[in-house]
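Secondary and tertiary structure notes
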2 protein chains.
Amino acid sequence: MDYFCSERVSGLAPSVIREILKFSSTPGMISFAAGNPAPEAFPVEDVRRITAEIFAQSPIDALQYSVTEGYPPLIETVSNYMQKKHDSVKSFDRIMITAGAQQVMELATKSLCNEGDTVICEAPTFIGSLNAFRSYNAHLCGIPMEDDGMDLAKLEDALKREKNVRFIYTIPNFQNPTGITMSLEKRKALYALAKQYGVLILEDNPYGEIRFEGENIPTIKSMDTDGIVIYAGSFSKVLSPGLRVGYAIAPQPLISKFTVCKQVSDVHTSILSEMIADKFMTECDFEGHLQKIRKIYKHKAHLMMDLMDSRMGGKVTYHKVQGGLFLWCSLPKEIDMMDFCTKAVHKNVALVPGNAFLIDEKDPCSAFRVNYSTPTDAQLEKGMEILGDLIQTF
Amino acid sequence: MDYFCSERVSGLAPSVIREILKFSSTPGMISFAAGNPAPEAFPVEDVRRITAEIFAQSPIDALQYSVTEGYPPLIETVSNYMQKKHDSVKSFDRIMITAGAQQVMELATKSLCNEGDTVICEAPTFIGSLNAFRSYNAHLCGIPMEDDGMDLAKLEDALKREKNVRFIYTIPNFQNPTGITMSLEKRKALYALAKQYGVLILEDNPYGEIRFEGENIPTIKSMDTDGIVIYAGSFSKVLSPGLRVGYAIAPQPLISKFTVCKQVSDVHTSILSEMIADKFMTECDFEGHLQKIRKIYKHKAHLMMDLMDSRMGGKVTYHKVQGGLFLWCSLPKEIDMMDFCTKAVHKNVALVPGNAFLIDEKDPCSAFRVNYSTPTDAQLEKGMEILGDLIQTF
């Protein structure tokens, strides 16, 4: 039978890039393609103890229906944390708990964009967010990245030129895939531009807490005196992605709309996951855990960067990172990126071809993304040795 | 600031009915308005033990990212169960795990309906599904209910008349809110009509396993020789709604589209929830648990029906149920339903006004819905006494 598909979804056909990614789970494959936290970064003992306590103390609460906005104690906990540590909850804001930060992108697009309305985003940017925008037939407008974040002159051109711009999407810290962090000056200027043109900002910050070097830069949300910033936070990198817990901080009228949309999608986030996240933040050493995982990622990032320099130095250029999970590696023009990635996967090293992160996958792209959080140290060394040998053959 | 909203969401403004429902959580309120499982129906000891085992045996699997389609062992478990017990997995079908059955309605609508396309549904029907359809600006066409299910003559009229019908939505067992079960003859005839007119069926079956009397009737999916049925199943009533685990059984091309949509929404369902559901079905006495909860709901349903007869007999008519969680109660024409519900809530008994379940809430409606699974026996008795006294004043 031929099945009819909505226009939104027909535009979301699996891409050629997925074909390469499929190999990632082949036995023996060294995957630099994922974005998974390191297994040793999970607070297994804490979660085990917390979960046993939940089932000893309030098993019915953990199993019964809950409210769409989220488990009230977790909302309170996130509010206190984001307020005290990051000054990122304003008096007009409300918090809702979501099934991972990904859901914030979906709820924001569904609530705010009619089909054909414009979303401005960094180019390249996270494929999961691009696909969320695409799944509502948003018109995407990409702004090239500079070393300190989006090119603001081009952003202003776009704000002048584009019609019905609903929000500007940015990952200000250790952007996926480029690893770039937006400077404080650019954050201020971006906020001013959004305000001037009456456009919202969707600030996606999954990696902010895993800065392992350098100084923390204030969130754009912390500058939000006008109620124009939607902040998406996540427990995926600081606790566990499998539990699927994230949150939105946004002005109350927006949270109301997101709530109506979440109600018809999944009713509420797994209450057990929410209770675990709450107890982890309030009853365990959350700061100590962050220190621990920063140390893990600092080690892995430096190992990867050192190997990149020693094995592929002179051939590959990349942006040095102070946090996050990824390096964005550019090949010289004479090497065909897709050819390189295909040959790498045949030698059992999986990379993500850079065009996966473009607004139009068919645009030329000479970069690929590597992840250093998932592979072991031995895999990092072996995989980089293979890539180093491979690049010599080009 | 005035925030722009998408057209989809502006149509989903909170209704007057929600105002009444807000009172449900007032202290002292006897709520007949919810749809929560009875607390004593949760297999707390089993879940406690299972969860401890998961964190002892495979903690990293429970915390790491997983695949969008669902935890493979759970897919296998659901497949075996639905195949062996209900003959409801066809050779062309695939299964995906969702964040509750509600997500199946959302994924189906997002994947299958352009704005303005038609969804045919029973009238009245479950508000969560109606709102999922509305949230994509589907055009809703309601088919009145008879004692054995949808009026099929009216269904055929609609199939002839309506344009771009994408699916027929039905809850064949103990329909929410009416409690009506579709007869075998009507299931066959409904299937034949859908086939004839080239329209899909979305079969939502959250209550099928809590039949406490009478004979089980085959699912419409079991008749699906043509690949036209999407089946939505749920663990909410047979294990726990808080864990948010449901599933879709549908032809592979549809599951592919749902998967793309789920990927951009929540990436995957909580893996811990999925592992708990899998272990509960495979390592615990699932059939014994079903027997136990059927006994609980049989007792509560009969208590509620007996009280309805003794306290409100002659004034209120309702459809006798053999399963599910709800009674649908019709008031005589001289009593204003909304007035009755409002006065009830002021006397601390929360009901759901029937127009919550209509396609157009402003249509006349003389019925309300009561739930018997959430209140205790004492609350059922007290609440029905209050309603009995109240109806005398009309």
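Here the structure is a predicted model, which is why all the values come from computation and not from measurement.

Concerning the overall build of chain A
The helix and strand tally for chain A stands at 14 helices and 14 strands. What you see for chain A is a C-alpha radius of gyration of 21 Å, in line with the 21 Å of a compact globule of 394 residues. The long-range share in chain A, meaning contacts at least 24 apart out of those at least 6 apart in sequence, stands at 75%.

Things to note about the nonpolar core
Note that soluble globular proteins tend to have their nonpolar side chains buried in a common cluster. Membership of the largest hydrophobic core comes to 249 residues, with the highest contact counts inside it found for Ala248 of chain A together with Ala248 of chain B. Not counting residues within four places of it along the chain, the set of residues in contact with Ala248 of chain B comprises Ile95, Met96, Thr98, Val104, Ile230, Tyr231, Ala232, Ile255 and Phe258 of chain B.

Comments concerning the packing of helix H6 (residues 102-112) of chain A against helix H10 (residues 252-265) of chain A
Residue and element names in this part refer to chain A. For the pair H6 and H10, interaxial distance at closest approach is 9 Å and the crossing angle is 105 degrees. In terms of axis orientation, H6 runs roughly perpendicular to H10. Along its contact with H6, which presents Leu107, Lys110 and Ser111, the element H10 presents Lys257, Phe258, Cys261 and Lys262. The class makeup of the residues in the contact of H6 with H10 is 3 nonpolar, 1 polar and 3 charged.

Digging into the interface of chain B and chain A
With 61 residues of chain B in contact, the opposing surface of chain A contributes 61 residues. Elements with a minimum of two residues in the side of chain B that touches chain A: helix H1 (7-10), helix H3 (44-57), helix H4 (59-63), helix H6 (102-112), helix H7 (127-134), helix H10 (252-265) and helix H11 (271-283) of chain B. At 8 residues, H10 of chain B tops the list of elements feeding residues into the side of chain B that touches chain A. Broken down by class, the residue content of the side of chain B that touches chain A amounts to 31 nonpolar, 20 polar and 10 charged.

Concerning the sheet that holds strand S4 (residues 139-146) of chain B
Residue and element names in this part refer to chain B. Strand order across the open sheet formed by 8 strands is S2-S9-S8-S7-S6-S3-S4-S5, with mixed pairing between neighbours. Strands at the two margins of the open sheet, each flanked by one partner only, are strand S2 (93-98) and strand S5 (149-150). Judged from the 4 bridges that link them, strand S3 (residues 118-123) and strand S6 (residues 165-170) form a sheet pairing that is parallel. Paired with Cys121 across the strands is Tyr169, a residue of S6.

Concerning the pairing of strand S7 (residues 200-204) of chain A
Residue and element names in this part refer to chain A. Within S7, 5 of the 5 residues are buried, which leaves it mostly tucked inside the rest of the structure. Alternating residues of S7 divide into Leu200, Leu202 and Asp204 and Ile201 and Glu203, and every residue in both groups is buried. In this structure, strand S6 (residues 165-170) lies alongside S7, joined through 4 bridges in parallel fashion. Of the residues in S7, the one forming a bridge with Ile168 is Ile201. What joins S6 to S7 is helix H9 (residues 184-197), and the crossover it makes is right-handed. Examined bridge by bridge, S7 and strand S8 (residues 229-234) share 4 bridges and lie parallel to one another.

Considering the confidence of the model for chain A
Keep in mind that low pLDDT regions are not for reading the predicted coordinates in detail. For chain A, per-residue confidence averages 95 on the pLDDT scale, and 97% of positions sit at 70 or higher. With a pTM of 0.96, the predicted complex shows an ipTM of 0.96.

A closer look at the domain arrangement of chain A
Residue and element names in this part refer to chain A. Per the domain assignment, the segments of chain A are domain 1 (7-43 + 288-392) and domain 2 (44-283). At the interface, 29 residues of domain 1 touch 37 residues of domain 2. Listing elements by their share of the side of domain 1 that touches domain 2, those giving two or more residues are helix H1 (7-10), helix H12 (286-312) and strand S11 (326-330). If you tally residues by element for the side of domain 1 that touches domain 2, the top one is H12, at 6 residues. When the residues that make up the side of domain 1 that touches domain 2 are grouped by side-chain class, the tally is 18 nonpolar, 6 polar and 5 charged.

Quick look at the relation of the copies chain B and chain A
For the match of chain B to chain A, the screw axis carries a shift of 0.0 Å, the RMSD comes to 0.0 Å, and the turn is 180 degrees. On this basis, the relationship between the two copies can be described by a two-fold rotation axis. A shared interface surface links the copies, since 100% of the contact residues of chain B are contact residues in chain A too.

Some remarks on the packing of H6 of chain B against H7 of chain B
All names here are of chain B. Look at H6 against H7: their axes get within 9 Å of each other, and the N-to-C directions meet at 25 degrees. By the angle between their directions, the pair H6 and H7 is classed as roughly parallel. Classified by chirality, the crossing of H7 by H6 is right-handed. Between H6 and H7, the residues in contact are Gln102, Met105, Glu106 and Thr109 and Gly128, Ser129, Ala132 and Phe133, respectively. Looking at the contact of H6 with H7 residue by residue, the class counts come to 3 nonpolar, 4 polar and 1 charged.

Examining unusual backbone geometry
Residue and element names in this part refer to chain A. Across the junction of Ala123 and Pro124, the peptide omega takes the value 5 degrees, indicating a cis bond. Take Pro124: it is sitting in the loop between strand S3 (118-123) and helix H7 (127-134). Here the amide bond leading from Asn176 into Pro177 is cis, since omega sits at 15 degrees, within 30 degrees of zero. A positive phi angle, near 50 degrees, is found at Phe174, a position not held by glycine. Looking at where Phe174 falls in the secondary structure, it is placed in the loop between S6 and H9.

Description of the environment of Asp2 of chain A
Residues and elements named next belong to chain A. Mapping Asp2 onto the fold places it in the segment before H1. Overall, the presence of 6 C-beta atoms within 10 Å leaves Asp2 in the exposed class. It is 51 Å that separates the C-alpha atoms of Asp2 and Leu303, two residues lying 301 residues apart in sequence.

Here's the deal with the sheet that holds strand S10 (residues 317-318) of chain B
All names here are of chain B. Strand order in this open sheet of 4 strands is S10-S11-S14-S13, and the pairing throughout is antiparallel. Each edge of the sheet is formed by a strand with only one pairing partner; in this case those strands are S10 and strand S13 (352-353). The pairing of S10 with strand S11 (residues 326-330) spans 2 bridges and is antiparallel. Looking at S11, one finds that Thr317 is bridged to Ser330.

Topic: the pairing of S4 of chain B
All names here are of chain B. Note: S3 against S4, 6 bridges, orientation parallel. Along S4, the bridge assignment pairs Val119 with Leu140. One crossover worth recording links S3 to the parallel S4 by way of H7, and it is right-handed. Taken together, the 2 bridges between S4 and S5 define a ladder with antiparallel strand orientation. Of the residues in S5, the one forming a bridge with Glu146 is Gly149. What sits between the antiparallel neighbours S4 and S5 is a turn of 2 residues.

Here is what the cut-offs are and how they apply
- Residues numbered from 1 in each chain as written.
- Chains lettered and ligands numbered in written order.
- Predicted model: local features only at pLDDT ≥ 70, side-chain atom pairs only at ≥ 80, totals over all residues.
- Helix = DSSP H or I, 4+ residues; strand = E, 2+ residues; numbered from the N terminus.
- Rg over C-alpha atoms; globule rule 2.2 N^0.38 Å.
- Contact = placed C-beta atoms within 7 Å.
- Core = buried A, V, L, I, M, F, W, Y, C linked by C-beta atoms within 7 Å.
- Buried ≥ 20, exposed ≤ 12 C-beta atoms within 10 Å, placed from the backbone.
- Axes fitted to C-alpha atoms, helices over the stretch in contact; angles between N-to-C directions.
- Parallel < 35°, antiparallel > 145°, perpendicular 65-115°, else oblique.
- Nonpolar A, V, L, I, M, F, W, Y, C, P; charged D, E, K, R; others polar.
- Pairing = 2+ DSSP bridges.
- Right-handed = clockwise from strand over helix to strand, strands pointing away.
- pLDDT = per-residue confidence, 0-100.
- Domains from an automatic or database assignment.
- Least-squares fit on C-alpha atoms with pLDDT ≥ 70 in both.
- Left-handed = near helix turned anticlockwise from the far one by under 90°.

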